[in-house]
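The primary structure of each chain is shown beneath.
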Amino acid sequence: MKFPKSILCIFILFVSVQLFARQHHTISTEKEPLEVSVNLRINKIYNINSVQETYQIDGYFMYTWKNEEAISYLKDSTANSIVFENDKARELINSDLWIPAFELINVQGSREVPNIRIEIYSDGIIEYEERFFATCSTNMDFKKFPFDSQVYQVAIEAFSYGSKKIVFTNPKLFLEKDHEDYLGEDWEFVNSDAHVVTKTYKYMDDSINSEKNSYSRVIFEIKAQRLSGYYEWQVLFPLLIIILASFSIFWIKEFGSQIGVGFTLMLTVVAFNFYSASILPKLPYNTFIEYVIIVGYIFIFLGIVAVIINHRINGEEDKGDKIPLLKYFRYLFPIVYALIMIVLYMSLIV
Amino acid sequence: MKFPKSILCIFILFVSVQLFARQHHTISTEKEPLEVSVNLRINKIYNINSVQETYQIDGYFMYTWKNEEAISYLKDSTANSIVFENDKARELINSDLWIPAFELINVQGSREVPNIRIEIYSDGIIEYEERFFATCSTNMDFKKFPFDSQVYQVAIEAFSYGSKKIVFTNPKLFLEKDHEDYLGEDWEFVNSDAHVVTKTYKYMDDSINSEKNSYSRVIFEIKAQRLSGYYEWQVLFPLLIIILASFSIFWIKEFGSQIGVGFTLMLTVVAFNFYSASILPKLPYNTFIEYVIIVGYIFIFLGIVAVIINHRINGEEDKGDKIPLLKYFRYLFPIVYALIMIVLYMSLIV
Amino acid sequence: MKFPKSILCIFILFVSVQLFARQHHTISTEKEPLEVSVNLRINKIYNINSVQETYQIDGYFMYTWKNEEAISYLKDSTANSIVFENDKARELINSDLWIPAFELINVQGSREVPNIRIEIYSDGIIEYEERFFATCSTNMDFKKFPFDSQVYQVAIEAFSYGSKKIVFTNPKLFLEKDHEDYLGEDWEFVNSDAHVVTKTYKYMDDSINSEKNSYSRVIFEIKAQRLSGYYEWQVLFPLLIIILASFSIFWIKEFGSQIGVGFTLMLTVVAFNFYSASILPKLPYNTFIEYVIIVGYIFIFLGIVAVIINHRINGEEDKGDKIPLLKYFRYLFPIVYALIMIVLYMSLIV
Amino acid sequence: MKFPKSILCIFILFVSVQLFARQHHTISTEKEPLEVSVNLRINKIYNINSVQETYQIDGYFMYTWKNEEAISYLKDSTANSIVFENDKARELINSDLWIPAFELINVQGSREVPNIRIEIYSDGIIEYEERFFATCSTNMDFKKFPFDSQVYQVAIEAFSYGSKKIVFTNPKLFLEKDHEDYLGEDWEFVNSDAHVVTKTYKYMDDSINSEKNSYSRVIFEIKAQRLSGYYEWQVLFPLLIIILASFSIFWIKEFGSQIGVGFTLMLTVVAFNFYSASILPKLPYNTFIEYVIIVGYIFIFLGIVAVIINHRINGEEDKGDKIPLLKYFRYLFPIVYALIMIVLYMSLIV
Amino acid sequence: MKFPKSILCIFILFVSVQLFARQHHTISTEKEPLEVSVNLRINKIYNINSVQETYQIDGYFMYTWKNEEAISYLKDSTANSIVFENDKARELINSDLWIPAFELINVQGSREVPNIRIEIYSDGIIEYEERFFATCSTNMDFKKFPFDSQVYQVAIEAFSYGSKKIVFTNPKLFLEKDHEDYLGEDWEFVNSDAHVVTKTYKYMDDSINSEKNSYSRVIFEIKAQRLSGYYEWQVLFPLLIIILASFSIFWIKEFGSQIGVGFTLMLTVVAFNFYSASILPKLPYNTFIEYVIIVGYIFIFLGIVAVIINHRINGEEDKGDKIPLLKYFRYLFPIVYALIMIVLYMSLIV
């Protein structure tokens with residue numbers, strides 16, 4: 001399988017040239033970093049998962065910057081701009097026009113990008129827009145759960161270019177105002193924010209002050225308040241009824257019934273305990289709802305202890321009570337419980 | 001690795017030309033927007049998920065428009081039309097014939113598209129058809145659950161071209177009528193609709209009235225009624241039996257049994273409570289089924305309170321009742337419960 | 001960036017020609033539709049999901065047809081046939097030899113196709129074979145569950161070509177006979193079938209009788225009987241024991257125990273109720289197993305009512321029964337229950 | 001859009017030639033089948049799922065065969081071998097060197113292949129290696145569960161070439177011996193095996209004896225013993241304690257307590273019943289653990305029947321027992337239970 | 001379809017040459033292995049799954065090595081380095097510059113790589129960086145659960161090149177120190193480590209000492225301590241309260257209540273048993289939390305046995321206790337339980 005050397009050369013050339021041709025334009029502005037303005041329009045925040053502290057975002061990113069070289073792409077066209085969609089856009093990114101890659105920082109896995117649009121305007125403005133679906137995560141504070149607010153965040157950086165090469169400017173966050181439930185029915189929008197920070201790593205270069213370690217980052221934030229209706233009616237209300245019912249043991253005279261009721265209610269609180277375990281992550285601290293459950297445990301336990309003590313002191317047939325312990329407990333337990341609940345609620349406001 | 005400059009030029013040229021060649025035809029009609037008619041045939045709506053308010057759609061989109069330039073593609077052919085399937089269709093989209101991208105608005109993640117067909121007719125009509133599988137979402141109203149109806153929606157827009165460039169006309173929705181259970185066995189079709197609206201964003205351009213912010217949107221809607229048989233027999237019927245059984249405590253004379261029954265039934269209602277929590281999202285409002293459960297809680301709680309009060313007043317051995325409280329409760333409780341249930345059912349009709 | 005027009009032309013040409021070259025052979029037989037014979041070999045039906053009414057199929061499709069043009073592909077070869085695997089096959093499909101796309105109708109999402117083989121024989125026969133994994137769905141009838149049979153179906157159509165262009169002939173279905181458990185251990189094969197029908201849509205063309213609306217469809221069907229051992233021993237047997245045990249309340253003299261047992265058993269039936277809810281979809285009708293559970297609810301409820309009535313009539317200490325109600329119930333309840341069960345079982349046979 | 005015919009020809013040629021060039025080398029040995037030796041190194045077997053009877057395999061396949069034609073690929077190189085990784089390997093497969101596709105038979109869905117290596121040695125040996133992740137399935141026999149052993153299998157065939165073209169030789173199976181828990185912590189390796197069989201289908205050709213229906217298959221097998229510690233301590237031990245506790249009803253004199261304990265324990269066995277249902281598939285036969293549970297049901301049921309019979313015979317106050325039934329039961333029940341358990345354990349050994 | 005042989009030759013040549021051109025540079029250093037230094041920056045370790053012993057890692061790999069040949073890629077550029085992102089980087093890998101593939105050893109499935117950067121510096125340094133998301137697994141030791149520490153590991157090898165060709169040097173592990181909860185809220189960082197080992201297989205070559213069987217491996221390790229707050233408050237605390245409450249049976253005089261309480265609490269411990277089964281894998285050994293539960297079972301069982309024995313000895317009405325067994329048990333049980341708990345806690349420290 002022999003063949004003239006010259007043809008071989010041409011092909012080796014071909015491969016090499018392609019690479020050269022594509023790369024040597026990458027950055028034209030050596031002195032000043034490129035200014036990229038970012039718009040984020042959020043269509044929906046969905047699948048908010050309190051257990052994994054994640055949420056999925058359906059939105060649109062629009063990056064805009066200026067590159068004089070791009071003008072040549074519409075030289076022949078009479079239109080004001082030229083649009084590259086999807087595969088055509090991907091081909092453009094892979095050509096010799098420099099279009100940098102941006103990455104989501106607080107994402108889990110790759111984002112899905114069903115559609116891309118790159119539009120080049122006659123003044124050299126390049127608009128890169130994508131619709132994306134991403135699973136993001138933030139650290140959530142559940143101490144006041146289910147009366148908590150959370151901050152949903154999206155953070156972006158350029159993947160390969162530090163703040164010496166690319167800086168973000170003028171970030172804007174849009175929310176579909178007419179599309180009322182963009183946050184799901186159980187969250188209420190509080191406020192939103194978008195700002196640019198500079199993030200310093202010590203990973204890229206050994207000297208921490210090196211310019212290589214410095215990146216421009218945009219942070220979009222949406223603060224929302226949980227609508228607690230579900231937890232109030234499905235968890236707190238039944239729990240309250242059960243704790244209230246547990247105080248009935250001091251109005252029962254028969255010792256057997258007192259004990260039976262006490263232990264049945266303890267089993268019920270265990271059920272609520274396991275339920276609350278299934279809706280929250282395995283937190284090292286206790287949430288409001290867990291304090292309510294723990295207080296429930298303790299009161300039912302103390303109730304059982306109280307009736308046993310009363311039983312030991314006053315005998316099985318409590319007709320002629322020597323010490324009217326039960327009568328004291330009838331008022332003591334609800335009052336102390338009410339006080340603790342008030343303190344717990346107060347702690348929510350602080 | 002030297003090589004003549006001229007060859008280098010040819011290859012740079014090659015890359016550039018390809019892009020030019022492909023792009024400069026994009027829109028031939030500058031004055032009038034392109035009219036695209038849309039057909040949606042739904043094969044099946046499946047995995048209707050009440051907890052996440054999503055449903056999956058297996059269907060076919062058919063977009064039809066006219067482009068005189070396309071006629072050149074069948075110049076040599078004697079046939080009336082030419083078909084491009086799958087990879088060939090994708091190649092055609094990536095060529096210099098302008099085929100715009102459409103996007104689903106209320107989708108979650110990318111849609112799956114196993115098959116694409118582009119057919120070009122000898123009169124310049126272009127037919128783009130795809131089979132798709134998409135997970136869509138709508139805001140569902142569960143206030144009357146499980147006697148609710150829901151509207152399943154599919155909304156489409158052109159991704160890159162506003163209403164100045166593309167407008168939708170003549171949307172049609174087809175449902176597989178012979179394929180009876182296209183909605184699953186637990187939903188009954190009520191009616192369907194397809195209409196075109198103009199959606200205005202303020203994201204693309206800072207001035208809200210800019211033409212860039214205006215997009216043509218097609219909305220397909222299918223209204224369906226939930227078949228509530230499952231919930232009637234598996235949730236409401238057992239609950240009713242349990243509440244009925246709870247009224248038996250007023251027919252029991254022994255105080256211990258009264259109390260024991262009351263608390264056992266409360267535990268049972270807790271089980272129904274957790275079950276209803278697993279089939280619905282964490283709504284800030286209460287559904288019909290949850291009202292039934294909450295009323296159940298309250299009646300069982302009040303029943304316990306009632307027997308304790310009776311016990312306190314009439315003593316442990318209620319042979320000679322001083323006040324026949326239990327006898328009053330025997331009729332009072334069922335009547336009040338029936339009244340409340342009637343009011344709840346009435347609220348469904350309104 | 002100037003360059004000679006002639007070279008530009010060549011490249012524009014190149015792109016256009018490729019498309020021409022590939023398309024103008026698509027259908028060589030204008031008068032007669034192409035006859036495609038289909039073989040389906042099923043390796044395994046797995047993950048049979050009664051809740052979503054889906055099942056996954058691991059199988060092989062083999063489509064065979066004749067195309068004289070294909071003979072040119074082995075002109076130089078001395079072999080009897082030439083094989084194109086995977087990427088090579090995909091390239092062949094994308095070349096100018098016409099290989100149509102087939103679609104699964106009752107599928108959910110795209111099928112996975114790990115391997116493709118296209119073999120061209122010297123007599124112009126083309127064999128297209130693929131291994132596939134697909135999630136299919138059918139409407140299942142659970143009225144007799146867990147003593148039901150189901151029909152697992154696979155339906156195929158050509159995606160782009162109506163029955164005027166492609167008709168299926170001679171469909172054959174193969175099952176791995178030596179691979180005993182191809183249906184899972186809990187299903188027993190009854191029979192199988194494969195037939196061709198013509199399906200008419202009204203979607204492709206407005207006039208319903210248009211040839212465009214008519215497609216050839218192959219339907220493969222496997223009927224299987226559920227092996228009910230699991231449900232008999234894990235659900236029906238415990239339920240039966242519990243209902244039997246519930247009749248013990250008529251042998252107990254003490255009213256408190258009667259009531260306690262009655263309500264404990266009701267709670268147990270609730271547990272079975274929730275279990276049966278987790279293995280079946282939310283059906284608007286009741287299955288056999290649910291009838292058994294509902295009858296269980298009713299009998300336990302009636303048992304409670306019966307002992308209360310007996311208690312009211314005969315007093316707390318039933319030493320000298322005025323009316324021997326309990327003695328009647330002891331025989332009445334089991335006999336009526338047995339009769340109802342017999343009727344339910346009879347309804348399975350019809 | 002006219003252009004000289006000659007150029008058109010060149011391009012049509014180009015497309016056709018590519019296909020020719022690539023295919024006509026496919027099989028060089030017409031008389032003797034190609035001998036392919038297979039190595040499988042298993043890194044880990046994980047996510048062993050008893051409910052779906054699947055397990056995931058993380059491993060490396062290495063196929064080795066000899067093809068003199070491949071030598072030309074290192075003509076210019078002075079090295080002993082040449083390596084093609086990932087995309088380069090995929091390109092090589094798609095070139096004119098014949099590299100057949102192999103398929104996993106007992107797989108569910110496509111396998112993931114993160115890395116491929118093809119190495120061509122100077123003596124014409126071709127080594128194809130891939131790391132793969134696959135979900136495999138086998139029929140598992142749970143009759144002795146949780147004291148069962150299972151055989152984890154991996155079966156391979158050439159996808160397109162029957163045993164006339166490709167035969168496997170010398171299969172070897174390697175397990176990471178130093179990587180102790182390659183099977184997970186709850187399985188203990190027993191032995192492994194690798195052998196070649198010939199599998200006959202009747203699918204490829206109508207005549208069953210046709211050579212087309214015969215394929216060479218390699219079967220790798222790993223036999224492992226379940227470490228039952230978890231089930232012994234979390235299921236069997238609590239069950240045993242509960243059954244033991246149930247015999248206490250014969251030591252209790254009070255009839256009400258006897259009945260109450262009996263029914264509470266029945267409810268507990270229901271809980272274990274549902275738990276065992278969640279860890280095993282819906283088998284038509286009973287496993288060891290299910291026999292233990294069913295025997296538990298029966299003994300508790302018989303215990304309840306026994307105390308009721310005793311109660312009917314000996315009256316409510318059993319001070320002066322006429323027939324000392326309870327005393328007999330005290331010893332009869334545990335002895336019979338022990339005997340049945342011994343028989344069950346014996347059946348494990350057989 | 002005839003055509004001149006010469007043109008055919010050129011195209012065959014074309015395909016062949018491409019492959020030659022790409023491969024014959026692969027390894028330039030025949031004598032010394034290539035030294036590759038590895039940096040791993042971990043952004044987040046999330047979805048730590050104790051049941052499957054897996055965790056997901058969101059991080060950045062940076063591989064750096066020197067290759068003089070790469071300098072030619074920036075010959076024309078005045079910049080200090082040249083960046084290839086994503087598709088451009090993939091194209092570079094597929095070109096004739098040698099960039100080896102690295103694989104994660106303890107991974108499950110392929111890693112996701114949303115962004116790749118290859119930077120070539122003017123001194124021939126090549127920097128390969130990727131962001132990745134991978135599901136890794138390690139063998140976890142749960143004996144001290146929930147007071148355990150675990151070592152999260154990431155192990156890397158070159159896929160195709162043994163330690164004769166590639167050796168790793170200077171591995172560094174970076175953790176986002178300012179991003180406090182990189183390990184999730186329920187884990188506390190203890191220490192980290194990175195080291196290089198040589199791994200020997202016997203899979204590549206039959207002779208175990210062959211150089212082919214030896215690979216350089218980098219192991220990154222992060223040791224973390226579980227924050228046990230959740231388990232203390234949601235599992236151990238309720239369990240402790242329940243066991244404490246179980247000792248109340250010795251303070252109750254009535255035998256019926258003693259028995260009822262005992263069995264109700266046994267049911268509650270069964271619930272905790274099933275809960276602990278859902279948060280841990282099916283281990284052949286018992287964890288700390290399971291020992292606590294098993295001890296709970298045994299104490300409640302012994303408590304039931306104790307009250308029955310007492311009842312048998314001292315009669316139903318225990319007014320005049322012959323032997324004050326209950327009084328002994330009142331102190332014996334809590335003391336023994338406390339001792340066992342202390343021993344269990346002590347075993348954690350050892």
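Residues numbered from 1 in each chain as written. Chains lettered and ligands numbered in written order. Predicted model: local features only at pLDDT ≥ 70, side-chain atom pairs only at ≥ 80, totals over all residues. Heavy atoms only, no water.

> Could you clarify how one ought to interpret the interface of chain D and chain E in this entry?
Interfaces are often sized by the amount of accessible area the parts lose when they come together. If you look at the interface, chain D gives 75 residues, while chain E gives 68 residues. Interface of chain D and chain E: buried area, both sides summed, is about 6700 Å²; carbon and sulfur atoms make up 61% of it. In terms of surface lost to chain E, no three residues of chain D exceed Lys88, Glu185 and Tyr230 of chain D, which account for 10% of the buried area on that side. Between chain D and chain E we count 1 salt bridge in total. A salt bridge links Glu103 of chain E to Arg131 of chain D; the nearest nitrogen and oxygen atoms lie 3.1 Å apart. Where chain D meets chain E, there are 15 residue pairs in polar contact (both at pLDDT 80 or more). The element that contributes the greatest number of residues to the side of chain D that touches chain E is helix 3 (residues 229-246) of chain D, accounting for 11 residues. Of the residues in the side of chain D that touches chain E, the class split is 38 nonpolar, 14 polar and 23 charged. (Contact = heavy atoms within 4.5 Å. Buried area = accessible area lost by both parts, 1.4 Å probe. Salt bridge = Lys/Arg side-chain N within 4 Å of Asp/Glu carboxyl O. Polar contact = N/O pair within 3.5 Å; in protein donor to acceptor, adjacent residues only side chain to side chain. Helix = DSSP H or I, 4+ residues; strand = E, 2+ residues; numbered from the N terminus. Nonpolar A, V, L, I, M, F, W, Y, C, P; charged D, E, K, R; others polar.)

> Looking at this structure, I do not really get the domain arrangement of chain A. What am I missing?
Residues and elements named next belong to chain A. Taken domain by domain, chain A holds domain 1 (29-226) and domain 2 (229-347). Spacing between the C-alpha centres of domain 1 and domain 2 amounts to 51 Å. The interface is formed by 12 residues belonging to domain 1 together with 15 residues belonging to domain 2. The three residues of domain 1 that bury the most area against domain 2 are Val51, Phe145 and Phe147, which together make up 48% of that side's buried surface. Inspection of the domain 1/domain 2 interface yields 0 salt bridges. For the pair domain 1 and domain 2, the number of links is 3 residue pairs in polar contact (both at pLDDT 80 or more). (Domains from an automatic or database assignment.)

> I keep staring at the relation of the copies chain D and chain E and nothing clicks. Help me out?
The second copy of the chain is related to the first by a rotation about an axis and a shift along the axis. Once turned by 72 degrees and shifted 0.0 Å along the axis, chain D lies on chain E with an RMSD of 0.0 Å. The operation mapping one copy onto its partner corresponds to a five-fold rotation axis. Each copy contacts the other with its own distinct surface, as only 3% of the interface residues of chain D are interface residues in chain E too. (Least-squares fit on C-alpha atoms with pLDDT ≥ 70 in both.)

> How do you make sense of a nonpolar patch on the surface when you look at a structure like this?
Together, Trp251, Tyr331, Ile335, Leu339, Ile342, Met346 and Ile349 of chain D give the surface a local cluster of nonpolar side chains, amounting to about 770 Å² of exposed area. Residue placement: Trp251 of chain D occurs in the loop between helix 3 and helix 4 (255-279). (Patch = residues over 30% accessible without salt bridge, like charges linked within 9 Å, V, L, I, M, F, W, Y side chains within 5 Å. Areas by Shrake-Rupley, 256 points an atom, 1.4 Å probe, with all protein chains shown as cover.)

> When you look at helix 2 (residues 86-93) of chain A in this model, what are you seeing that I'm missing?
Along an α-helix, residues three or four apart share an orientation, since each turn contains 3.6 residues. Residues Asn86, Lys88, Ala89 and Leu92 of chain A constitute the buried set of helix 2 of chain A. Projected onto a plane normal to the axis of helix 2 of chain A, the buried residues spread over an arc of 160 degrees and lie on a single side. (Buried < 20%, exposed > 50% of the residue type's maximum accessible area, 1.4 Å probe, protein only. Arc of directions from axis to C-beta.)

> Can you walk me through the packing of aromatic side chains in this structure?
Aromatic rings in a pair are described by how distant their centres are and how their planes are angled relative to each other. According to the stated counting rule, one finds 144 aromatic pairs over all chains in the structure shown. Ring plane angle 90 degrees and centroid distance 6.2 Å describe the contact between Phe237 of chain D and Tyr297 of chain E, whose orientation is recorded as edge-to-face. One end of the pair, Phe237 of chain D, is in helix 3; the other, Tyr297 of chain E, is in helix 5 (residues 288-314), on a second chain. By relative accessible area, which is 18% here, Phe237 of chain D ends up buried. Summarising the aromatic geometry, the rings of Phe299 of chain D and Phe333 of chain D are spaced 5.8 Å apart at their centres and angled 85 degrees between planes, so their arrangement reads as edge-to-face. Placement of Phe299 of chain D in helix 5 (residues 288-314) and of Phe333 of chain D in helix 6 (residues 325-349) is noted, with a sequence separation of 34 residues between them. As far as the burial class goes, Phe299 of chain D and Phe333 of chain D line up, both buried. These aromatic residues form a ring-pair network of at least three members: Phe61, Tyr63, Phe102, Tyr128, Phe132 and Phe168 of chain A. The positively charged end of Lys143 of chain B is found above the aromatic ring belonging to Tyr285 of chain B, 4.5 Å away from the centroid. (Phe/Tyr/Trp six-rings, centres within 6.5 Å; stacked < 30°, edge-to-face > 60°. Lys NZ or Arg CZ within 6 Å of the ring centre and 35° of its normal.)

> Where do I start with the interface of chain B and chain A in this structure?
At the interface, 68 residues of chain B touch 74 residues of chain A. Of the roughly 6700 Å² buried between chain B and chain A, counting both surfaces, carbon and sulfur atoms make up 61%. At the boundary of chain B and chain A, one finds 16 residue pairs in polar contact (both at pLDDT 80 or more). For the side of chain B that touches chain A, the leading source of residues is helix 4 (residues 255-279) of chain B, giving 11 residues. Each residue belonging to the side of chain B that touches chain A can be placed in one class, and the counts come to 40 nonpolar, 16 polar and 12 charged.

> Would you mind showing me how to read the relation of the copies chain B and chain A here?
Taken as rigid bodies, chain B and chain A are interconverted by a rotation of 72 degrees and an axial shift of 0.0 Å, the fit giving an RMSD of 0.0 Å. The two copies present different faces, since only 1% of the interface residues in chain B are matched by interface residues at the equivalent positions in chain A.

> Explain the sheet that holds strand 8 (residues 166-175) of chain C to me, please; I cannot follow it from the model alone.
Residues and elements named next belong to chain C. Strand order in the open sheet formed by 6 strands is 3-5-6-2-1-8, and the pairing between neighbours is mixed. Among the strands making up the open sheet, the edge pair consists of strand 3 (81-85) and strand 8. This sheet shows a mean twist of 20 degrees between the axes of neighbouring strands, independent of strand direction. Inspection of the sheet shows strand 1 (residues 34-49) paired to strand 2 (residues 54-66) by 10 bridges, in the antiparallel sense. Within the sheet, the bridge partner assigned to Lys44 lies in strand 2 and is Asp58. Running at roughly 65 degrees to strand 5 (residues 112-121), helix 2 (residues 86-93) makes contact with strand 3, strand 5 and strand 6 (125-137) of the sheet. (Pairing = 2+ DSSP bridges. Axes fitted to C-alpha atoms, helices over the stretch in contact; angles between N-to-C directions.)

> Sorry, what's going on with the pairing of strand 6 of chain C here?
Taken residue by residue, a regular strand's side chains alternate between the two faces of the sheet. All names here are of chain C. Counting buried positions along strand 6 yields 11 of 13 residues, so the element is predominantly enclosed. Of the pairings in the sheet, the one linking strand 2 to strand 6 comprises 13 bridges and is antiparallel in character. Directly across from Gly59, in strand 6, lies its bridge partner Phe132. Where strand 5 meets strand 6, 7 bridges bridge the pair, whose relative direction is antiparallel. In the strand pairing of strand 6, Ile116 is matched with Glu130.

> What's the story with unusual backbone geometry in this structure? I'm lost.
For residues besides glycine, phi is generally negative; the peptide bonds are generally trans as well. The linkage connecting Phe145 of chain A with the following residue, Pro146 of chain A, adopts the cis geometry, with an omega of 5 degrees. Looking at the element boundaries, Pro146 of chain A is found in the loop between strand 6 (125-137) and strand 7 (149-158). Here Asn47 of chain B, not a glycine, exhibits a phi torsion of approximately 50 degrees, which is positive. Mapping Asn47 of chain B onto the fold places it in strand 1 (residues 34-49). For Asn47 of chain B, a relative accessible area of 28% puts it in the partly exposed group. In this structure, Glu53 of chain D is a non-glycine residue whose phi angle is positive, near 55 degrees. If you trace the backbone, Glu53 of chain D turns up in the loop between strand 1 (34-49) and strand 2 (54-66). Take Glu53 of chain D: its relative accessible area is 9%, and that puts it in the buried class.

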